[in-house]
Protein chains: 2
Amino acid sequence: MSDGRSDGLRYADAGVDLDAAERAKEGLRSLVASTRDCFTLSELGAFGGLYAVPDDVEQPVLVSSADGVGTKLKVAFAANRHDTVGQCLVNHCVNDILVQGARPLFFLDYLATGEMDESVVQDVVRGVAIACRENRCALLGGETAQMPDFYAAGEYDLAGFVVGAVARDRILDGSRIRAGDVLVGLASTGLHTNGYSLARRIVFDVLGLGVDDELPGTGRTVGDELLAVHRSYLGALTAPLAEERVHGLAHVTGGGIPGNLPRILPEGLGAVVERSAWEIPAVFRALQEAGGVERDEMDRVFNMGIGMIVVTEPAEVPAIVGAAGEIGAWEIGRVIEGEGIGYR
Amino acid sequence: MSDGRSDGLRYADAGVDLDAAERAKEGLRSLVASTRDCFTLSELGAFGGLYAVPDDVEQPVLVSSADGVGTKLKVAFAANRHDTVGQCLVNHCVNDILVQGARPLFFLDYLATGEMDESVVQDVVRGVAIACRENRCALLGGETAQMPDFYAAGEYDLAGFVVGAVARDRILDGSRIRAGDVLVGLASTGLHTNGYSLARRIVFDVLGLGVDDELPGTGRTVGDELLAVHRSYLGALTAPLAEERVHGLAHVTGGGIPGNLPRILPEGLGAVVERSAWEIPAVFRALQEAGGVERDEMDRVFNMGIGMIVVTEPAEVPAIVGAAGEIGAWEIGRVIEGEGIGYR
């Protein structure tokens, strides 16, 4: 069928470079290998990744979550800094299954670009691999998609997917939560991965700042403040979970405390949050002031300095705060009879 | 901190509509519920999805894969038809773990849009749910991300992640493959999800066609031909796998037969593929002719009509062809001593 014309179309002419994709994959091999554990059975390049069901979890239930990084990526593009967003992604996913009592087993990423820039791909996946190692989670596979005409030059999207395991009788499902339980808030590192569309509007459009300018009142650049790595709470909560000190966990993501805390409260229970119990970090005060954002809207869009809420008995608060260590933890409220989340 | 100004910024002003996201999620509830099975322990809206490790698989090994739909999405946008790409995604992922002998357990999707169009989101996720049901795979969760300024109006990206299980001694790892084994090719439905950047260039730019025009020689419109659903081979191969008739499976995706068949052949073995053993479907002939694409390039970019290759003993060929039923299957070559893939 081919007529041998030298001007015939090749895949590379359509913007897809299979050799570049292959080189990028080669460069990632050692990064991925560094996350392997004793349950990882497959090598990079297999069609699917293989992972043995761990034999140290009784009646294992798999817990899985998918997420993206959202428009925090736009800040990474502006700062040309691509090694942190992968960490945010993994930590976000790990927190999402941690709240059901699960420890992560393995992770897969999806990275889609317009043109394949090998060094950017390496930086992004390096971030993913670093966080996988920190969370003792195998980077079991992933997809790096070249999609010409889809993403603007220098841009990409990044999503990920975690699978963890929990013993069936250790699943955190809210049923342990009682009126009188205490809310312990664990500090976030900043915005984590939520509210970036509003934050970017305020910082770049209203304030007219660039990534290297100081964000007023924070003493840090816009880039450093807005690219702060979403914190994983796995390390801080592994011991309290093993010791059964935890009645419930809420990961404070999109929707803030009012959007996430009710998701774990049983019927008939609500909560009161003490605004004065912790100091709202400077980044949120700066955004609120510059954007003239209503307080309720701030609460619904941002984590306001609390990345994870631990619900526990009053007597367990010192143990939880102690386990949090340098992260910083405060008693920020109580579970009450009733419904909804009230602030005071 | 809030000054009560009525012109303060709200999240919706930054292009993110949390209420629309909530409504879209509500609309998906029954779709997702329709994919539940006896191992699915969580409801939609939990932080992570819960799935019990099935008790009918001995020494279970989890097999997982991530993938996207690639620029096949561009054809869906042009045709304003969004109910098939989700099926392509699920079927692609299911095939990727099937080749290691695994049956799918659950699936999660990642859907990222610029503006949230509820009906498009519903159509996309309906496709995902339909294919999950067909593959007996729970749609355990997913993320629908609103990313203003990221995707062009009316556009979105879609990725997915599947987790399956296989008994440890039933993993297909190539070790059963012997010289003299036969390659049985199972028919694809068309391009599946690979080579779309080149195909779009040829169809839309070189030929100047629209989605409603006939693709020359195919008797079908460009939209129908290019949006044909990526076939799942789970149904055709479940019985042959259970009966241990299969030595190896190669899913023919990006890279074509020469890029995928070598991935499963053990050291010291190659294969010869008989070009005349099956008829190249009209869509590939039309693309090759219009694009003046070299034959080797066609082989490396497209599946050329073979979506899955089953490696088996000569005596088992009738059973494999019989199990394929209406899909269509042909003996397309042999495994030989040596290395590499040769055509003749």
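Quantities reported herein were computed from a predicted structural model and do not represent experimental measurements. Residue numbers restart at each chain and count upward from 1, following the sequence in its written direction. Here the convention is simple: chains get letters from A, ligands get numbers from 1, in the order in which they are written. Under the rules for a predicted model, residues below a pLDDT of 70 receive no local features and side-chain atom pairs below 80 are neither given nor counted, while totals for whole chains, interfaces and linings still include all residues. Heavy atoms from the whole structure form the basis of all side-chain values; hydrogens and water molecules are not counted.

Q: I would appreciate a short explanation of the interface of chain A and chain B in the present structure.
A: Many structure descriptions define interface size as the accessible area lost when the parts assemble. Whether two residues touch is decided by their heavy atoms; if any such pair falls within 4.5 Å, the residues are in contact. Listed by partner, the interface residues are 88 residues for chain A and 87 residues for chain B. Note on definitions: salt bridges are taken to be side-chain nitrogens of Lys or Arg within 4 Å of carboxyl oxygens of Asp or Glu. Run the count over chain A and chain B and you get two salt bridges. Two N or O atoms form a polar contact when they lie within 3.5 Å of each other; inside protein one atom must be a possible hydrogen donor and the other a possible acceptor, and for residues adjacent in sequence the pair counts only when both atoms belong to side chains. The interface formed by chain A and chain B includes 15 residue pairs in polar contact (both at pLDDT 80 or more). The element contributing the most residues to the side of chain A that touches chain B is strand 2 (residues 60-68) of chain A, with nine residues. As a working rule, the residues Ala, Val, Leu, Ile, Met, Phe, Trp, Tyr, Cys and Pro are called nonpolar, Asp, Glu, Lys and Arg charged, and the rest polar, with Gly in that last group. Looking at the side of chain A that touches chain B residue by residue, the class counts come to 46 nonpolar, 21 polar and 21 charged. Pairs of strands are assigned from DSSP output, requiring at least two bridges between the strands. The helix and strand labels rest on DSSP assignments: H or I over at least four residues marks a helix, E over at least two residues marks a strand, and numbering proceeds from the N terminus. Sheet topology places strand 1 (residues 49-52) of chain A next to strand 2 (residues 60-68) of chain B; four bridges connect them, and they run antiparallel. If you follow A:Leu50 over to strand 2 of chain B, its bridge partner there is B:Val63.

Q: How do you make sense of the relation of the copies chain A and chain B when you look at a structure like this?
A: We place the copies in one frame by least squares, fitting the C-alpha atoms of every residue whose pLDDT is at least 70 in both. Superposing chain A onto chain B requires a rotation of 180° together with a translation of 0.0 Å along the rotation axis, leaving an RMSD of 0.0 Å. On this basis, the relationship between the two copies can be described by a two-fold rotation axis.

Q: I would appreciate a short explanation of the sheet that holds strand 3 (residues 103-113) of chain B in the present structure.
A: Hydrogen bonding along the main chain pairs the strands of a sheet, whether they run parallel or antiparallel. Across the sheet, which stays open at both edges, the five strands sit in the order 1(A)-2(B)-5(B)-3(B)-4(B) with mixed pairing between neighbours. Edge positions in the sheet fall to strand 1 of chain A together with strand 4 (138-146) of chain B, since each of these pairs with one other strand and no more. Here the average twist between neighbouring strands, direction ignored, is 20°. Lying on the sheet, helix 4 (residues 118-134) of chain B is in contact with strand 3, strand 4 and strand 5 (156-167) of chain B; it crosses strand 3 of chain B at an angle near 170°. Here, axes are lines fitted to C-alpha atoms. For helices the fit covers the stretch in contact, and angles between N-to-C directions go from 0 to 180 degrees.

Q: Explanation requested: the packing of aromatic side chains in the structure shown.
A: Remark: the centre distance and the inter-plane angle together describe each pair of aromatic rings, the angle taken between the planes. Pairing of aromatic rings covers Phe, Tyr and Trp, the last through its six-membered ring, and needs centres within 6.5 Å; plane angles under 30 degrees mean stacked, over 60 mean edge-to-face, and all others mean tilted. Scanning all chains against the criterion turns up 14 aromatic pairs over all chains. For the ring pair A:Phe77 and B:Phe150, a centre distance of 5.9 Å and an interplane angle of 40° mean the geometry is tilted. Pair noted here: A:Phe77 is in helix 2 (residues 72-79) and B:Phe150 is in the loop between strand 4 and strand 5, and the two residues belong to different chains. The residues A:Phe77 and B:Phe150 share a single accessibility class, namely buried. Ring plane angle 10° and centroid distance 4.4 Å describe the contact between A:Phe161 and B:Phe161, whose orientation is recorded as stacked. Pair noted here: A:Phe161 is in strand 5 (residues 156-167) and B:Phe161 is in strand 5, and the two residues belong to different chains. Each residue is assigned to one of three classes by its accessible area relative to the maximum for its type, calculated with a 1.4 Å probe on protein chains only: buried under 20%, partly exposed between the two thresholds, exposed over 50%. Given the relative accessible area of 0%, B:Phe161 is considered buried.

Q: Just checking my understanding: could you explain the side chain of B:Thr193 for this structure?
A: Residue and element names in this part refer to chain B. Secondary-structure assignment places Thr193 in the loop between strand 6 (182-187) and helix 5 (196-206). Classification of Thr193 by relative accessible area gives buried; the value is 8%. Excluding residues that lie within four positions of it along the chain, Thr193 makes contacts with Val69, Lys72, Cys88, His92 and His230.

Q: Could you clarify how one ought to interpret the pattern of salt bridges in this entry?
A: Side-chain pairs of opposite charge can arise whenever the charged atoms involved come near each other. Summed over all chains, the structure comprises 30 salt bridges over all chains. A:Glu274 is paired through a salt bridge with A:Arg344; the nearest N and O atoms lie 2.8 Å apart. With A:Glu274 in the loop between strand 10 (269-273) and helix 9 (282-291) and A:Arg344 in the segment after strand 13 (341-343), this residue pair connects regions lying 70 residues apart in the sequence. Under the relative-accessibility criterion, A:Glu274 is labelled partly exposed at 25%. Judged by relative accessible area, A:Arg344 falls into the exposed class, the value being 62%. B:Asp299 is the partner of B:Arg275 in a salt bridge, and the nearest nitrogen-oxygen pair spans 2.9 Å. Taken together, the residues B:Arg275 in the loop between strand 10 (269-273) and helix 9 (282-291) and B:Asp299 in helix 10 (residues 295-301) connect sequence positions 24 residues apart. On the accessibility criterion, B:Asp299 (4% relative accessible area) is buried.

Interpretation in functional terms is not warranted from these geometric data alone.
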